[in-house]
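Read off the chains here:
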Amino acid sequence: MDLYSVLDPSPTSSETSFHLIQLPQQLLESIKPPMDNANSQRLLQKYNFSREQCLQFKAKDGFSTPYLTTMDTTFKIRQQNHSNCVMLLENDTNYLNFDNYLILEKQPTPTSLNLNGVDIVQVSLVSDIDNLEEVNEANLYKSTVQVLNQTPISLLEFDKLMVENNIVPNGDSLIKLKPPMVSILLTSLLTSLLNIVDDINMEFPTSLLSQILTESNTLLRERYHLRGELLPLRLLTYTFLYFLNYNELNNTTTETPAEAGASTQESFLSLALPMANFTLQHNKIIQFLSLTILRKQQLLPLDDLLIQIRLNLPANYLPTFEINDILTGISYTTKKDGQVLVNFLTPDHLANFNTPQSRFEKLFSLKNLWPIAEISPYLQPVNTKALKIEKFCLKYSRVRKQKGQTYVSPR
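This structure is a prediction, so every number in the text was calculated from the model and none was measured.

Visitor: Please set out the overall build of the chain residue by residue, giving values where relevant.
Guide: If you tally the helices and strands in the chain, you get 15 helices and 18 strands. Taking all contacts inside the chain whose residues are at least 6 apart in sequence as the whole, residues at least 24 apart take part in 67%. Approximately 21,900 Å² of the chain is accessible, and the part contributed by carbon and sulfur atoms is 48%.

Rendered as structure tokens:
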């Protein structure tokens, strides 16, 4: 079993409690490969970390569950009690008893960061950019490393989570990009991409992504008369990564990503961008625009929503998407006078309805008949035992099939 235990103090060990650790295979595989590929080197250089620092015990505070982090994985340490007798024999000691067994358990990637004690600067408008001072390159990740050290998460997971939370490094503070600013940056990025790339569905390498970001930075600074150079580039880079899928390359190298003599802009991009092949997440782009529109209007006809999405995109950006997939989890539909109406609703809106009974009651007050695919995202937070969605719905509602579709309604 993948266990470790705490040894009780004994006369031969003074007042010290020892930990005997049996590492799970998953952990061994995580720390075994040499960290000499380009992306590992990039992260180590970016955050000024040594290889040894990637293997750390972390906890949210002195009273919380400890975690063990590697370069790319997070393990939670939890207690497991059982009655098996286990002994560790020493030369001068007959036995030492093991009481509490602790298991190293691989954790899913966390969804939040511990931002306590860090100054967060909200950026909603382009004018906010010029109100920020340019940060010295050597201190760029100062607060970022503070958050990393106080969050139980591996280095690779942390780097991706910064992007997913629209948080940008900024020296002694962190920048939080708000939706209006993300929208402006996205428009600039898509415009530049379409000037360089013929096929919006193509897979493009890091070098081409750097070219797109550099051109987008120039366009943004010229259009809004921005003084700084590196700050707008950082905002564009983190925004673009948020809307990209990427497959990291497996090539290995002993060289650091930043080439000698590179400019500050090139140096930043070499550390910020993984060595990978990238593709646009069209659905994520369309869903972001849908959210932006729905936050303002709350309720509008589906045809009007589609028109507004189209008007908020560059004329020659024409991705294919299924609108029902886009709206899942951010809205529900109703019908009135022959029109399909889109109603803004996210799971966060239902946070006060935190029991299955109250959640179903609230949802049925909004709409009497729900397609199961439409209602599922709103039920996940209260489906604590992770039951199959149909089985979960049967406990609190009526489930029936109609014309090949499954629907949920009150009993």
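Structure's up, so let's keep going.
Visitor: Which residues make up unusual backbone geometry, and what are the values?
Guide: Phi angles above zero are rare outside glycine, and glutamine 298 is one such case at about 65 degrees. Among the secondary structure elements, glutamine 298 is positioned in the loop between helix H10 (282–297) and strand E13 (299–301). Unusually for a residue other than glycine, lysine 403 sits at a positive phi of about 55 degrees. Its location among the elements puts lysine 403 in the loop between strand E17 (398–402) and strand E18 (405–409).

Visitor: I'd like to hear about the nonpolar core, residue by residue, with values.
Guide: Formed by 82 residues in total, the largest nonpolar core has its most connected members in Leu177, Leu193, Leu209, Leu213, Phe240, Phe268 and Ile285. Apart from the residues within four sequence positions on either side, leucine 213 is in contact with Leu189, Leu233, Leu236, Thr237, Phe240, Leu269 and Leu273. Of all hydrophobic cores here, the second largest spans 15 residues; its members include Leu345, Leu350, Trp370 and Ile375.

Visitor: Describe the sheet that holds E13, and please don't skip the residues or the numbers.
Guide: Read from one edge to the other, the open sheet built from three strands follows the order E13-E15-E14, with strand pairing classed as antiparallel. Unpaired on one side and paired on the other, E13 and strand E14 (331–336) mark the two borders of the sheet. Taken pair by pair, the neighbouring strands of this sheet meet at an average axis angle of 30 degrees, ignoring direction. Those strands touched by helix H11 (residues 302–311) are E13 and strand E15 (339–344), and its axis lies near 90 degrees from that of E13.

Visitor: If you had to explain empty space enclosed by the protein to someone new, which residues and values would you point to?
Guide: Within the structure shown, the criterion is met by two cavities of 30 Å³ or more. There is about 50 Å³ of room inside the largest cavity. Together, Phe49, Gln53, Cys54, Gln56, Lys58, Thr69, Thr70, Leu148, Ile153, Ser154 and Leu155 line the largest cavity. Broken down by class, the residue content of the lining of the largest cavity amounts to five nonpolar, five polar and one charged. Size it by volume and the second largest cavity reaches roughly 30 Å³. Every residue along the wall of the second largest cavity is listed here: Ser183, Leu186, Thr187, Leu190, Leu289, Asn312, Leu313 and Pro314. If you tally residues by element for the lining of the second largest cavity, the top one is helix H6 (residues 179–196), at four residues.

Visitor: Provide a residue-level description of the side chain of serine 397, including the pertinent values.
Guide: Within the secondary structure, serine 397 is located in the loop between helix H15 (389–396) and E17. A distance of 2.7 Å separates the side chain of serine 397 from the backbone oxygen of cysteine 393, its partner in a polar contact. Beyond its immediate stretch of four places on either side in the chain, serine 397 contacts Phe360, Phe364, Val408, Ser409 and Arg411.

Visitor: Please set out the sheet that holds E17 residue by residue, giving values where relevant.
Guide: One open sheet accounts for three strands, arranged E16-E18-E17; its pairing is antiparallel. Of all the strands in the sheet, just strand E16 (370–371) and E17 have a single pairing partner and so form its edges. Where E16 meets E18, two bridges bridge the pair, whose relative direction is antiparallel. What sits directly across from proline 371, in E18, is tyrosine 407.

Visitor: Any chance you could break down the packing of H6 against helix H8 (residues 230–242) for me, citing the residues and the numbers?
Guide: Running from N to C, H6 and H8 cross one another at 80 degrees; their axes reach a closest spacing of 9 Å. Here H6 lies roughly perpendicular to H8, going by the angle between them. Along the contact surface, H6 presents Val182, Leu185, Leu186, Ser188, Leu189 and Leu193, while H8 presents Leu235, Leu236, Thr239 and Phe240. Residue classes in the contact of H6 with H8 are distributed as eight nonpolar, two polar and no charged.

Visitor: Go over the packing of aromatic side chains with me, naming the residues and quoting the values.
Guide: Applying the stated rule across the entire model yields twelve aromatic pairs. Ring geometry for phenylalanine 204 and phenylalanine 278: centres 6.4 Å apart, planes at 25 degrees, overall stacked. With a gap of 74 residues between them, phenylalanine 204 in strand E10 (residues 204–205) and phenylalanine 278 in strand E12 (residues 276–280) connect regions that are remote in the sequence. Looking at phenylalanine 278, the relative accessible area reads 0%, which means it is buried. Relative to phenylalanine 392, the ring of phenylalanine 360 lies with its centre 5.9 Å away and its plane at 40 degrees, an arrangement referred to as tilted. Here the residue phenylalanine 360 occupies a position in helix H13 (residues 356–366), and phenylalanine 392 occupies one in helix H15, the gap between them amounting to 32 residues. Both residues of the pair, phenylalanine 360 and phenylalanine 392, count as buried. A cation over a ring is seen here: lysine 284 above tyrosine 242, with NZ or CZ 3.9 Å from the ring centre. In this structure, lysine 367 is placed above the aromatic ring of tryptophan 370, and the distance from its NZ or CZ to the ring centre is 5.3 Å.

What counts and what doesn't
- Residues numbered from 1 in each chain as written.
- Predicted model: local features only at pLDDT ≥ 70, side-chain atom pairs only at ≥ 80, totals over all residues.
- Heavy atoms only, no water.
- Helix = DSSP H or I, 4+ residues; strand = E, 2+ residues; numbered from the N terminus.
- Contact = heavy atoms within 4.5 Å.
- Areas by Shrake-Rupley, 256 points an atom, 1.4 Å probe, with all protein chains shown as cover.
- Core = buried A, V, L, I, M, F, W, Y, C linked by side-chain atoms within 4.5 Å.
- Buried < 20%, exposed > 50% of the residue type's maximum accessible area, 1.4 Å probe, protein only.
- Pairing = 2+ DSSP bridges.
- Axes fitted to C-alpha atoms, helices over the stretch in contact; angles between N-to-C directions.
- 1 Å grid on protein atoms, 1.4 Å probe; cavity = no way out; pocket = protein on both sides within 12 Å on 5 of 7 lines; lining within 4 Å.
- Points joined across faces, edges and corners; volume = space filled by probe spheres on them.
- Nonpolar A, V, L, I, M, F, W, Y, C, P; charged D, E, K, R; others polar.
- Polar contact = N/O pair within 3.5 Å; in protein donor to acceptor, adjacent residues only side chain to side chain.
- Parallel < 35°, antiparallel > 145°, perpendicular 65-115°, else oblique.
- Phe/Tyr/Trp six-rings, centres within 6.5 Å; stacked < 30°, edge-to-face > 60°.
- Lys NZ or Arg CZ within 6 Å of the ring centre and 35° of its normal.

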